[in-house]
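So the chains spell out like this:
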Amino acid sequence: LIIPIAALAYLAGANAVVNATRVGAPGTALAINASDGGALVAQSNQKWAAGVQQGKVLDLSGAARKALRTAPLSGGALRLMGFGANTKGDAKRAERLNLLATKVTRREKGAQLWLMEAAVARNDIKGALARYDFLLATDNSVRDQLFRQLELALADPEIRVAFIPY
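Sequence order as written defines residue numbering, which begins from 1 separately in each chain. Confidence filtering applies because this is a predicted model: local features only for residues at pLDDT of at least 70, side-chain atom pairs given and counted only at 80 or more, and all residues used for totals across whole chains, interfaces and linings. Excluding hydrogens and water, the side-chain values take into account all heavy atoms of the structure.

Colleague: Even after reading the chapter, I still don't get the overall build of the chain, so can you show me in this structure?
Modeller: Numbered from the N terminus, helices here are DSSP runs of H or I no shorter than four residues, and strands are runs of E no shorter than two. Helix and strand content of the chain: ten helices and zero strands. Mapped in sequence order, the helices and strands of the chain form the string α-α-α-α-α-α-α-α-α-α. The globule rule used for comparison is 2.2 Å times the number of residues to the exponent 0.38, while the radius of gyration itself is calculated over C-alpha atoms. The C-alpha radius of gyration computed for the chain amounts to 19 Å, which surpasses the reference 15 Å derived for 166 residues by more than 25%, pointing to a less compact arrangement than a globule. In terms of principal-axis extent, the alpha carbons of the chain reach across some 75 × 30 × 30 Å. Burial here depends on accessible area, computed with a 1.4 Å probe over protein chains only, as a share of the maximum for the residue type. Under 20% is buried, over 50% is exposed, and the range in between is partly exposed. Burial analysis of the chain (166 residues in total) assigns 36% to the buried set. Only heavy atoms enter the contact rule, under which two residues are in contact if any of them lie within 4.5 Å. Of the contacts made within the chain by residues no fewer than 6 positions apart, 38% connect residues no fewer than 24 positions apart. For the accessible areas, the method is Shrake-Rupley and the probe is 1.4 Å, while residue cover comes only from the protein chains on display. Counting only carbon and sulfur atoms, one obtains 59% of the accessible surface of the chain, whose full area is about 10000 Å². Charge convention: Lys and Arg are scored as positive, Asp and Glu as negative, and His as well as the terminal groups of each chain are ignored. Just so you know, the charge point we use is NZ for Lys, CZ for Arg, CG for Asp and CD for Glu. Taken together, the 21 basic and 13 acidic charged side chains of the chain have centroids lying 8 Å from each other.

Here it is in structure tokens:
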């Protein structure tokens with residue numbers, strides 16, 4: 001009886017460590033559970049950010065697919081797959097995956113930002129403003145940057161007219 005109880009206690013402890021370190025220290029979580037979807041996404045986010053700082057665009061679709069196997073409702077994994085499709089020049093697939101990521105979790109900031117930039121690129125002013133509005137309402141971490149961009153954009157009369165409902 002002691003051995004099964006000890007095994008359960010060990011598994012519970014290991015799971016607690018994975019849960020506690022998943023986002024802040026994904027390497028630690030992955031050392032305990034190499035297939036933890038949340039930790040895979042967090043580690044991929046760190047790699048993506050480091051790559052961007054070095055001027056590199058990484059395709060982390062493989063890690064995203066692995067994350068989806070264990071966390072099928074991971075908006076972050078879908079976003080990473082969308083970013084990967086974008087790096088391969090498949091903008092339509094990238095948009096579909098990022099839209100799907102925002103359907104899984106509306107607060108998927110990276111996907112919302114990508115969709116906002118895609119709307120700007122295709123001159124979809126109403127679509128871009130809707131994404132701006134959503135991000136400004138839900139994520140304090142991007143407010144300053146978005147307000148600066150919006151302030152510059154409002155110099156355009158067409159954008160000012162589209163902005164009136166907001």
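Having seen the structure, we can now continue with the description.
Colleague: Can you help me understand the nonpolar core in this one?
Modeller: Inside soluble globular proteins, nonpolar side chains tend to come together where they are buried. Remark: nonpolar core denotes a set of buried residues (Ala, Val, Leu, Ile, Met, Phe, Trp, Tyr, Cys) joined through side-chain atoms within 4.5 Å. In this structure, Ala77 and Trp114 are the most contacted members of the largest nonpolar core, which totals 24 residues. Those elements that provide at least two residues to this core are helix H2 (26–32), helix H3 (37–53), helix H4 (61–70), helix H5 (75–87), helix H6 (91–104) and helix H7 (109–121). A per-element tally of this core places H5 first, with six residues. Excluding anything up to four places from it in sequence, Ala77 contacts Val41, Ala64, Ala67 and Leu68. Ranked by size, the runner-up nonpolar core spans eleven residues in total, among them Tyr132, Leu136, Val142 and Ala162.

Colleague: Whenever I open this one, the packing of H4 against H5 confuses me. Can you help?
Modeller: Helices that pack against each other are described as a pair by the angle of their axes relative to one another and the distance between those axes. Running from amino to carboxyl end, H4 crosses H5 at an angle of 155°, the nearest separation of the two axes being 8 Å. Put simply, H4 runs roughly antiparallel to H5. The chirality of how H4 crosses H5 is left-handed. Counting all contacts with H4, which are made through Ser61, Ala64, Arg65, Ala67 and Leu68, the residues of H5 involved are Ala77, Leu78, Leu80, Met81 and Gly84. Residue composition of the contact of H4 with H5, grouped by class: seven nonpolar, two polar and one charged. Orientation is described by lines fitted to C-alpha atoms, with helices fitted over the stretch in contact, and by angles between N-to-C directions that extend from 0 to 180 degrees. Convention used here: angles under 35 degrees read as roughly parallel, angles over 145 as roughly antiparallel, angles from 65 to 115 as roughly perpendicular, and any remaining angle as oblique. For a crossing to be left-handed, the near helix must be turned anticlockwise from the far one by less than a right angle; the clockwise case is right-handed. Gly falls in the polar group here, along with every residue not listed as nonpolar (Ala, Val, Leu, Ile, Met, Phe, Trp, Tyr, Cys, Pro) or charged (Asp, Glu, Lys, Arg).

Colleague: Is there a simple way to think about H5 in this case?
Modeller: Expected span of a helix, by definition, is 1.5 Å for each gap between consecutive residues, and there is one gap fewer than residues. Given a rise of 1.5 Å per residue, 13 residues ought to cover 18 Å, and the 18 Å separating the end C-alpha atoms of H5 matches this to within 8%. Summarising burial for H5: eleven of the 13 residues are buried, a large majority. Those residues of H5 that sit buried are Gly75, Gly76, Ala77, Leu78, Arg79, Leu80, Met81, Gly82, Phe83, Gly84 and Ala85. With its phi angle positive at about 85°, Gly89 sits one or two positions after the end of H5.

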